[in-house]
There are 2 protein chains.
Amino acid sequence: MAAKKDDSGPALPPAIESAWGLRERPPKGPRPGLSVPGIVDAAVRVADADGLTAVSMSRVAKELGAATMALYRHIGSKDELLLLMVDAGYGPPPGPAAPGDGWRAGLTRWARAERDVLRQRTWLLHVPITGPPITPQQLGWLEAGLRCLDDTHLAESEKMSVILLITGYVRNEATLTAQIAEGSRAAGVEPGELMPAYGRTVARLIDPARFPALHRVLTSGVLNQDDDPDDEFTFGLDRILDGIEALVRRRAS
Amino acid sequence: MAAKKDDSGPALPPAIESAWGLRERPPKGPRPGLSVPGIVDAAVRVADADGLTAVSMSRVAKELGAATMALYRHIGSKDELLLLMVDAGYGPPPGPAAPGDGWRAGLTRWARAERDVLRQRTWLLHVPITGPPITPQQLGWLEAGLRCLDDTHLAESEKMSVILLITGYVRNEATLTAQIAEGSRAAGVEPGELMPAYGRTVARLIDPARFPALHRVLTSGVLNQDDDPDDEFTFGLDRILDGIEALVRRRAS
DNA sequence: TAGTTCTGCGTATGGTCTACGCATAAAAGC
DNA sequence: GCTTTTATGCGTAGACCATACGCAGAACTA
């Protein structure tokens, strides 16, 4: 039996193939009124407006003026739709940094770009990740990150680990700040008032003798002053980059 | 009007109060056949056996030989149950490190302990976190982490940031390795065969001219060798600790 | 013994995803 | 131009899910 053209791997979900433009329209049959990008755009619009929990198949279909089951002609399952929503939600990666900038400035720029996206679309953080990146934009972001490390002498595996480390940090930090915003909105208090209230609650619950270190943190008033979330972000990122810098220096010699 | 005893904060969910032992049984009425710890234990048993998606109110009730709605007498909502499941799932924090050990050895121990828990109970990673830690065990882990930094001269806010940084890293790393395991089980391939297959798929999709850095990673064969996930974990953790060490040194002088 | 109060649970509502099958529209081949 | 082929849109229906509400009865106090 002759080898087919694209037989070299496990079958990709149809929607992924269409995201890479590998799917030509079959010559016969009626014109499709819906398209994968159209469906994904509608889903993203719903998520932007009312959050990820509002994204149901029927809601997206209503957004398009179509019937619920019409979507399943183009998309295999809701999980597949979510995957494509993440791809569209991230958008294109940031362009390359200025030529003179080093890897550290480049990665900082890259990390801030991701944080900005996640701050704009917090629903991205609620999509359960089911596997390694496979969609065009996702791999584009990965590529952009890796390129920042081109001039270093890190091993390829180390570059990969570094990128994973940073994107993990960004996602984590974005999750925490989003939780504070969401929590204060749910509780109906000022955003700056949530952490002090939390501190008071914890202080009431814990026994200072059994939780001395935590008690010290609470009485230090850290939670009372609402510091710039940007400072918090920069603090952690700089610690990580410091650690990476030590490795880069070691590999350079 | 006289001040009541525990009026100093917003009302806590009843289940949280009972987790802190703040809830005495009312003297009247029939003996409750169910208890909050019993329900939580049953839910944890279900999650351990069949994953978090199997945890539905009816399934937990069936586990207890009770009716679905019986649970709502003890627990306000499913989210509340999930919160308590996380608390029980984590279990007690690791004990204090040996007196001679420094902060770095202590934090390493602490981080590995959390990783071990998350490796054992991957469903913990799928519980959507809705707020800062408020349950006894969660705060116990936080306390144990903070104590590792007792001998440093970091500011209290910096200690907090450091702990957040590390726990975020551990969660992220555990999520990634759990995804690989889950993905290979779902695809029915050997765990060591998933990443190479992923690499082949990506290599087929991307254009080397547009994704040069990524192409280089793929052709370097990083994904083909299945390295010890422990090495991967240690690599990232050491980078972070290197960065923290630089800060600790700066604050010591 | 009477009264009170809390427990367990049955019923019912409205939501979710999605498997299946039918009528129809559009193109290809003769 | 007519027939055949094929894919499309969508209606119906099933199997789940969380949970609001209200009732019968048990266990305690007085």
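Attention here is on the structure that accompanies the text. The written sequence of each chain sets the order in which its residues are numbered from 1. Whichever chain is written first is A, and whichever ligand is written first is 1; the rest continue in order. Predicted model: local features are reported for residues with pLDDT of at least 70 only, side-chain atom pairs are reported and counted for 80 or more only, and whole-chain, interface and lining totals are derived from all residues. Each side-chain value is worked out from all heavy atoms of the structure, with water and hydrogens disregarded.

Any two residues having at least one pair of non-hydrogen atoms within 4.5 Å are treated as being in contact. Taken residue by residue, the interface counts 59 residues in chain A and 59 residues in chain B. Buried area is a sum: the accessible area each of two parts loses on coming together, probed at 1.4 Å, counted once for each and added. Taking both sides of the interface into account, the surface hidden between chain A and chain B amounts to around 5,300 Å²; carbon and sulfur atoms contribute 68%. By convention in these notes, a salt bridge is any Lys or Arg side-chain nitrogen within 4 Å of a carboxyl oxygen on Asp or Glu. Across the contact surface, chain A and chain B share four salt bridges. Salt-bridge contacts for Asp242(A) lead to Arg250(B); the nearest nitrogen and oxygen are separated by 3.8 Å.

Here a pair means two rings of Phe, Tyr or Trp (six-membered ring of Trp) with centres within 6.5 Å. Their orientation is stacked below 30 degrees between planes, edge-to-face above 60, and tilted elsewhere. Considering all chains together, one arrives at seven aromatic pairs over all chains under this definition. When the ring of Tyr90(A) is compared with that of Trp141(A), the centres are 5.6 Å apart and the planes differ by 75°; the resulting orientation is edge-to-face. Residue Tyr90(A) is located in helix 4 (residues 78–90), and its partner Trp141(A) is located in helix 6 (residues 136–148); the two are separated by 51 residues in the primary sequence. Here Tyr90(A) matches Trp141(A) in class, with each residue buried. Aromatic rings pair up to connect Tyr90(A), Trp110(A) and Trp141(A) into one cluster. Note on geometry: a ring has a charge over it if NZ (lysine) or CZ (arginine) is within 6 Å of the ring centre and within 35 degrees of the ring normal. Above the plane of the ring of Phe233(B) lies Arg115(B), whose end atom (NZ or CZ) is 4.7 Å from the centre. A run of H or I in DSSP counts as a helix once it spans at least four residues, and a run of E counts as a strand once it spans at least two, with each numbered from the N terminus. The buried label applies to any residue whose accessible area, calculated with a 1.4 Å probe on protein chains only, is under 20% of its type's maximum; exposed applies above 50%, and partly exposed to all values in between.

Before going further, it helps to spend a moment on the pattern of salt bridges. Applying the stated criterion to the full structure yields 35 salt bridges over all chains. Note that Asp230(A) and Arg115(A) form a salt bridge whose closest N and O atoms lie 2.5 Å from each other. With a gap of 115 residues between them, Asp230(A) in helix 10 (residues 229–252) and Arg115(A) in helix 5 (residues 103–120) connect regions that are remote in the sequence. The class of Arg115(A) is buried, set by a relative accessible area of 8%. When the shortest N-O distance is used, the salt bridge between Arg115(B) and Asp116(B) registers 3.2 Å. Note on Asp116(B): relative accessible area 41%, which makes it partly exposed. Connected via shared salt-bridge partners are Arg104(A), Asp238(A), Arg239(A), Asp242(A), Glu245(A), Arg249(A) and Arg250(B).

In this scheme, a helix's expected span is set at 1.5 Å multiplied by one less than its residue total. When the terminal C-alpha atoms of helix 6 of chain A are compared, their 19 Å separation across 13 residues agrees well with the 18 Å that a helix rising 1.5 Å per residue should span. Summarising burial for helix 6 of chain A: ten of the 13 residues are buried, a large majority. Within helix 6 of chain A, the full set of buried residues consists of Pro136(A), Leu139(A), Gly140(A), Trp141(A), Leu142(A), Glu143(A), Ala144(A), Gly145(A), Leu146(A) and Cys148(A). Here the buried face of helix 6 of chain A lies against helix 1 (14–19), helix 4, helix 5 and helix 7 (156–187) of chain A together with helix 8 (191–205) and helix 9 (212–219) of chain B.

On to the relation of the copies chain A and chain B, then. The copies were overlaid by least squares, fitting only the C-alpha atoms of residues that reach a pLDDT of 70 or more in each copy. Screw-axis analysis of chain A against chain B gives a translation of 0.0 Å along the axis, an RMSD of 0.0 Å, and a rotation angle of 180°. This pairing of chains is accounted for by a two-fold axis. In terms of C-alpha distance to the rotation axis, chain A has Gly243(A) as its closest residue, with the C-alpha 2.0 Å off the axis. Interface residue correspondence from chain A to chain B reaches 100%, placing this contact among same-surface, isologous pairings.

Now for the packing of helix 5 of chain A against helix 6 of chain A. All names here are of chain A. Where helix 5 contacts helix 6, the two axes come as close as 8 Å, and the packing angle between them is 155°. By the angle between their directions, the pair helix 5 and helix 6 is classed as roughly antiparallel. Listed contacts from helix 6 to Trp103, Gly106, Leu107, Trp110, Ala113, Glu114 and Val117 of helix 5 are Trp141, Ala144, Gly145 and Cys148. Gly is placed with the polar residues, together with every amino acid not listed as nonpolar (Ala, Val, Leu, Ile, Met, Phe, Trp, Tyr, Cys and Pro) or charged (Asp, Glu, Lys and Arg). Looking at the contact of helix 5 with helix 6 residue by residue, the classes come out as eight nonpolar, two polar and one charged. Lines fitted to the C-alpha atoms define the axes, with helices restricted to the stretch that makes contact. Angles between their N-to-C directions range from 0 to 180 degrees. The cut-offs work like this: below 35 degrees is roughly parallel, past 145 is roughly antiparallel, 65 to 115 is roughly perpendicular, and the gaps in between are oblique.

Residues and elements named next belong to chain A. Closest axis-to-axis distance for the helix 2 (residues 36–50)/helix 3 (residues 57–64) pair is 9 Å, and the angle between their directions is 110°. Here helix 3 runs roughly perpendicular to helix 2, going by the angle between their axes. Each of Gly38, Ile39, Ala42, Ala43, Arg45, Val46 and Asp50 in helix 2 lies in contact with helix 3, whose residues at this interface are Arg59, Val60, Glu63 and Leu64. Its residues assigned to classes, the contact of helix 2 with helix 3 shows six nonpolar, one polar and four charged.

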